[in-house]
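The residues making up each chain are set out below.
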Amino acid sequence: MAILEGKKAIIIGDRDGIPGPAIAECVQTAGAEVIFSSTECFV
Amino acid sequence: MNSVIKGAGYVLAHTPQMVIYNGTTQTTERIVNPESEYLKELGSHLRSYEECVNYWPNQVYIGNATPEDLSQVEFPYYDKVKEGAVRYGKYGEIMPEEEFILLVQACDQFEVVKLDKDFVCAHKEALAADPIITEDIIARVEAGTELSEIEAAVKEEHAEGLYVAGKLVGCVKRAHDIDVNLSAHVMHENLMSKASNVLALLYGIQNAGISKDDVEYVIDCAEEACGDMNQRGGGNFAKAAAEIAGLKNATGSDSRGFCAGPSHALIEAAALVKSGAYKCVAVTAGGCTAKLGMNGKDHVKKGLPILEDCLAGFCVILSENDGVNPEINLDILGRHTVGTGSAPQNVIGSLVADPLERAGLKITDIDKYSPEMQNPDITKPAGAGDVPMANYKMIAALAVKKGELDRKELASFSAEHGLTGWAPTQGHIPSGVPYIGFAREDILAGKIKNAMIIGKGSLFLGRMTNLFDGVSFVIQANTKAEAEAAAGVSEEEVKELIAKAMKDFAASLMAE
Amino acid sequence: MDLENQKRVKEFAEEYGPENIVVILGAAEGEAAGLAAETVTAGDPTFAGPLTGVQLGLTTYHVCEPEMKDEFDDAVYDEQVSMMEMVLDVDDIISEMSSIRDEFCKYL
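Residues numbered from 1 in each chain as written. Chains lettered and ligands numbered in written order. Predicted model: local features only at pLDDT ≥ 70, side-chain atom pairs only at ≥ 80, totals over all residues. Heavy atoms only, no water.

A.B. asks: Sorry if this is basic, but what is going on with the overall build of chain B here?
C.D. replies: Scanning chain B from terminus to terminus reveals 21 helices and 13 strands. For 512 residues, the compact-globule estimate of 2.2 N^0.38 gives 24 Å, and chain B sits close to it at 24 Å. By principal-axis analysis of the C-alpha atoms, chain B measures approximately 85 × 70 × 45 Å. A buried classification covers 59% of the 512 residues belonging to chain B. For chain B, the proportion of contacts with a sequence separation of at least 24, taken over those separated by at least 6, is 74%. Taken as a whole, chain B presents about 20100 Å² of accessible surface, with 53% of it coming from carbon and sulfur. (Helix = DSSP H or I, 4+ residues; strand = E, 2+ residues; numbered from the N terminus. Rg over C-alpha atoms; globule rule 2.2 N^0.38 Å. Buried < 20%, exposed > 50% of the residue type's maximum accessible area, 1.4 Å probe, protein only. Contact = heavy atoms within 4.5 Å. Areas by Shrake-Rupley, 256 points an atom, 1.4 Å probe, with all protein chains shown as cover.)

Spelled out as structure tokens, the structure:
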């Protein structure tokens, strides 16, 4: 069963890993609705 | 003609008490979890001034060791001692907290900083003994007040305390009773930024070998904002710092861009000089109290000292082309645009591959890359990884993708074209600029021919846009002689030709 | 995890039901990914944020994990994320994330 299809996606990206908007682009292609996307910064 | 890098200054102020009282990780913890183990343990993890001076990355920052030296030191760095470490370095110094507090008071022009008179008495001589601190600045240090007055201000008027070894020695009072933009908290933050900025400016000018009167424009590129409730970010740190530093002929303004600020500011400064608008521009920034101890929880949890215990400042002096110093080449500028997106490959592509391609260069044509030079000793235990290394891996991966580097050379790329990070996590401070001092020297010595400085900024933290940001530029060996040879006539010759033409013209007029 | 983000995660779990939510992370290291995953499943391990002591048990993955890549459009993943696989220690991230999921996820 798909993990993302039809689900609400919360995205916690990382400035020095993968930023939120880049993850959101991917997640949307899997049929999830992005309800929140943020990017954290440790530096 | 491109502008040149005349010199650079890099300074640290060791401020462990401000870690406790002003770093946002700690101030937040005191609100949400006042009885936490972290707050209880914090004090025993603070470094002494000597430990801070002996710390390898700090010695690299002020120029007493090179990034190459640091790369030979076994990781982690916090448990190693740099032999022969001292307060003063080629680029600047590590100022102790006591003296820095006095400098802060000297930078205050609205009587918001109040110091205990005994404290002033005990440390004024030490500050005066600092060769970079001028008599003008020392003359600004006030005699101080009774401690009881300071205690009352902290207790009753929301003043921010200034501490040394846990003891109250002064305070920063609010500058307005109602306006939050002039609250004690904001005044404290801004005065610390201003004071560290002044110190960096003084070293930048000294190291560039110029007179204070030569500086015509100052750009401050820190991350603070000053103003009142009607213009919260009105500015102008640049001119305020220039005044204390004694730059009588300078005006200036603030430029902001999160951590990418310094790179933006340097490009702007280089353009101002190249255009002829100003002959000599100082790009400068002070440090950020909010970020002190930012990753402290992770450091304490892992038994490390609090490594984010210094305010940092830097200053780079750009001037008209002198035919000697390395230049900022404005023909090779990388920029993350609105349309670039936030995919890491697009970000690094826009900053590194695209500008080089436009100039007909390959990624391997740049000898050294200075992206974000955060000290991995600080970031690794906090789960943010080795930031410079991650940048080098991305640049190398991009070079492989473009067929400019063999996959087998991926690992060696970082060693050849990279640097080990040494900069404190003070936001804008690590962003490319810590290498400019070394790059200037390495290019002058012929060790490298060029370097790319890359600044990146997390604009989304301001909640105005989700965009990322970044700009980059290339520093190269001086090309004035070549440019003149290519042009056929030198500037001097042009001047002579014009003078001759004028004379001839005048002569012809007289004849008539 | 940032306190504001914790607050939002908590609110969304209440609004949509924890079983309907998937949290996707982009952390740079395995340990940081693990801590974020722990926060949205077993509660904030640093005892600082609104999720302290709140066991949401949300389903959570790192964007570089194979389960996620299987569901993404290949071309989009390739354009947005793939290069970071050369930069990150993906194996370490997978191992941290799976151990948190095995222990704390309630809706797998």
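After presenting the structure, the write-up continues.
A.B. asks: So what exactly am I meant to see when it comes to the overall build of chain C here?
C.D. replies: Scanning chain C from N- to C-terminus turns up 5 helices and 2 strands. Here chain C has a C-alpha radius of gyration of 14 Å; the compact-globule value for 108 residues is 13 Å, and the two agree. If you line up chain C on its principal axes, its C-alpha atoms span 35 × 25 × 25 Å. In chain C, which comprises 108 residues, the proportion classed as buried is 53%.

A.B. asks: Mind showing me how you'd approach the interface of chain B and chain A here?
C.D. replies: A common measure of how large an interface is: the accessible area buried when the components associate. Contacts between chain B and chain A engage 22 residues on the former and 10 residues on the latter. With its nearest N and O atoms 2.5 Å apart, the salt bridge here joins E372 of chain B to R15 of chain A. Linking chain B to chain A there are 5 residue pairs in polar contact (both at pLDDT 80 or more). For the side of chain B that touches chain A, the class distribution of residues is 10 nonpolar, 9 polar and 3 charged. (Salt bridge = Lys/Arg side-chain N within 4 Å of Asp/Glu carboxyl O. Polar contact = N/O pair within 3.5 Å; in protein donor to acceptor, adjacent residues only side chain to side chain. Nonpolar A, V, L, I, M, F, W, Y, C, P; charged D, E, K, R; others polar.)

A.B. asks: Help me out: how do you make sense of the sheet that holds strand β5 (residues 167-172) of chain B in this one?
C.D. replies: Backbone hydrogen bonds hold the strands of a sheet together, and the pairing may be parallel or antiparallel. Residue and element names in this part refer to chain B. Strand order in the open sheet made by the 3 strands is β3-β5-β4, with antiparallel pairing throughout. Whereas interior strands pair on both sides, the edge strands pair on one side only; in this sheet they are β3 (113-115) and β4 (160-164). Strand after strand, the sheet turns through a mean of 30° between neighbouring axes, direction not considered. In the packing of helix α10 (residues 147-156) onto the sheet, contacts are made with β3, β4 and β5, and the angle to β5 comes to roughly 65°. (Pairing = 2+ DSSP bridges. Axes fitted to C-alpha atoms, helices over the stretch in contact; angles between N-to-C directions.)

A.B. asks: What should I look at first to understand the interface of chain A and chain C in this one?
C.D. replies: With 27 residues of chain A at the contact, the number on the chain C side is 33 residues. Buried area between chain A and chain C, summed over both chains or domains, comes out near 2500 Å², and the portion from carbon and sulfur atoms is 70%. Area buried by chain A at its contact with chain C is led by I3, I10 and I18 of chain A, which between them contribute 25% of it. For the pair chain A and chain C, the interface holds 0 salt bridges. For the interface between chain A and chain C, the tally reads 14 residue pairs in polar contact (both at pLDDT 80 or more). Among the secondary structure elements, those contributing two or more residues to the side of chain A that touches chain C are β1 (8-14), α1 (20-29) and β2 (33-40) of chain A. In terms of residue class, the side of chain A that touches chain C is built from 16 nonpolar, 4 polar and 7 charged. Here 5 bridges tie β1 of chain A to strand β1 (residues 21-25) of chain C, and the two strands are oriented parallel to one another. Directly across from I10 of chain A, in β1 of chain C, lies its bridge partner V23 of chain C. (Buried area = accessible area lost by both parts, 1.4 Å probe.)

A.B. asks: Where do I start with the pattern of salt bridges in this structure?
C.D. replies: Pairing between side chains of opposite charge can happen when the charged atoms of each approach one another. For the structure on display, the rule yields 29 salt bridges over all chains. Between K291 of chain B and E223 of chain B there is a salt bridge, with its nearest N and O atoms 2.9 Å apart. You can see K291 of chain B sitting in the loop between β8 (280-285) and α14 (296-301) and its partner E223 of chain B sitting in the loop between β6 (217-220) and α12 (237-245), a full 68 residues away along the chain. For E223 of chain B, a relative accessible area of 21% translates into the label partly exposed. The closest approach of N and O atoms between E65 of chain C and R101 of chain C, which form a salt bridge, is 2.8 Å. Here E65 of chain C is found in the loop between β2 (59-62) and α3 (66-71), whereas its partner R101 of chain C is found in helix α5 (residues 90-104), with 36 residues between them in sequence.

A.B. asks: Help me out: how do you make sense of the confidence of the model for chain C in this one?
C.D. replies: Where the model shows low pLDDT, its predicted coordinates should not be examined in detail. Per-residue pLDDT for chain C averages 95, and the proportion of residues at 70 or more is 100%. With pTM at 0.93, the complex prediction returns an ipTM value of 0.95. (pLDDT = per-residue confidence, 0-100.)

A.B. asks: Where do I start with the environment of F468 of chain B in this structure?
C.D. replies: Position of F468 of chain B among the secondary structure elements: in the loop between β12 (450-457) and β13 (469-476). For F468 of chain B, a relative accessible area of 6% gives the class buried. Separated by 125 residues in sequence, F468 of chain B and A343 of chain B have C-alpha atoms that sit 9.6 Å apart. Residues contacting F468 of chain B, with those up to four places away along its chain left out, are R15 of chain A together with H336, V347, K456, G457, S458, L459 and F460 of chain B.

A.B. asks: Would you explain the pairing of strand β9 (residues 310-319) of chain B in this entry?
C.D. replies: The side chains of a regular strand alternate between the sheet's two faces. All names here are of chain B. Counting buried positions over the 10 residues of β9 gives 10, a clear majority of the element. In this sheet, β9 lies alongside β8 in antiparallel orientation, the contact comprising 6 bridges. What sits directly across from A282, in β9, is I317.

A.B. asks: Explain the packing of aromatic side chains to me, please; I cannot follow it from the model alone.
C.D. replies: Geometrically, a pair of aromatic rings is defined through the distance of the ring centres and the angle of the planes. Applying the stated rule across the entire model yields 12 aromatic pairs over all chains. When the centroid spacing of 3.8 Å and the interplanar angle of 15° are considered together, the rings of Y21 of chain B and Y163 of chain B count as stacked. With Y21 of chain B in helix α1 (residues 16-22) and Y163 of chain B in strand β4, this residue pair connects regions lying 142 residues apart in the sequence. Judged by its relative accessible area of 28%, Y21 of chain B is partly exposed. Centroid distance F12 of chain C to Y16 of chain C: 6.2 Å. Interplanar angle 25°. Geometry classified as stacked. (Phe/Tyr/Trp six-rings, centres within 6.5 Å; stacked < 30°, edge-to-face > 60°.)

A.B. asks: Where do I start with the pairing of β1 of chain A in this structure?
C.D. replies: All names here are of chain A. In terms of burial, β1 is a largely internal element, 6 of the 7 residues being buried. Pairing of β1 with β2, which is carried by 7 bridges, proceeds in the parallel orientation. When the bridges of β2 are listed, I10 appears paired with F36.

A.B. asks: Explain the sheet that holds β1 of chain C here, please?
C.D. replies: Spatially, 4 strands are ordered β2(A)-β1(A)-β1(C)-β2(C) in an open sheet, and the strand pairing comes out parallel. Lying at the two open borders of the sheet, with one neighbouring strand each, are β2 of chain A together with β2 of chain C. If you compare each strand with its neighbour and ignore which way they point, the axes differ by 20° on average. Relative to β2 of chain C, β1 of chain C runs parallel, the two sharing 4 bridges.

A.B. asks: Honestly, helix α2 (residues 30-39) of chain C in this entry has me stumped. Any pointers?
C.D. replies: The periodicity of an α-helix, 3.6 residues per turn, causes residues three or four positions apart to be oriented the same way. Residues and elements named next belong to chain C. Burial analysis of α2 places 7 of its 10 residues in the buried class, which makes it a mostly covered element. Within the span of α2, buried status applies to G30, A32, A33, G34, A36, A37 and T39. Summarising the contacts, the buried residues of α2 are in contact with α1 (3-16), β1, β2 and α5.

A.B. asks: Sorry, what's going on with the packing of α2 of chain C against α5 of chain C here?
C.D. replies: A pair of packed helices is captured by two measures, namely the crossing angle of their axes and the spacing between those axes. All names here are of chain C. Packing of α2 against α5 brings their axes to within 8 Å, and their N-to-C directions diverge by 20°. With respect to α5, the axis of α2 lies roughly parallel. Crossing handedness for the pair α2 and α5: right-handed. Residues G30, E31, A33, G34, A37 and E38 of α2 touch α5, and the partners they reach there are D92, I93, E96, M97, I100 and F104. Considered class by class, the residues forming the contact of α2 with α5 number 6 nonpolar, 2 polar and 4 charged. (Parallel < 35°, antiparallel > 145°, perpendicular 65-115°, else oblique. Left-handed = near helix turned anticlockwise from the far one by under 90°.)

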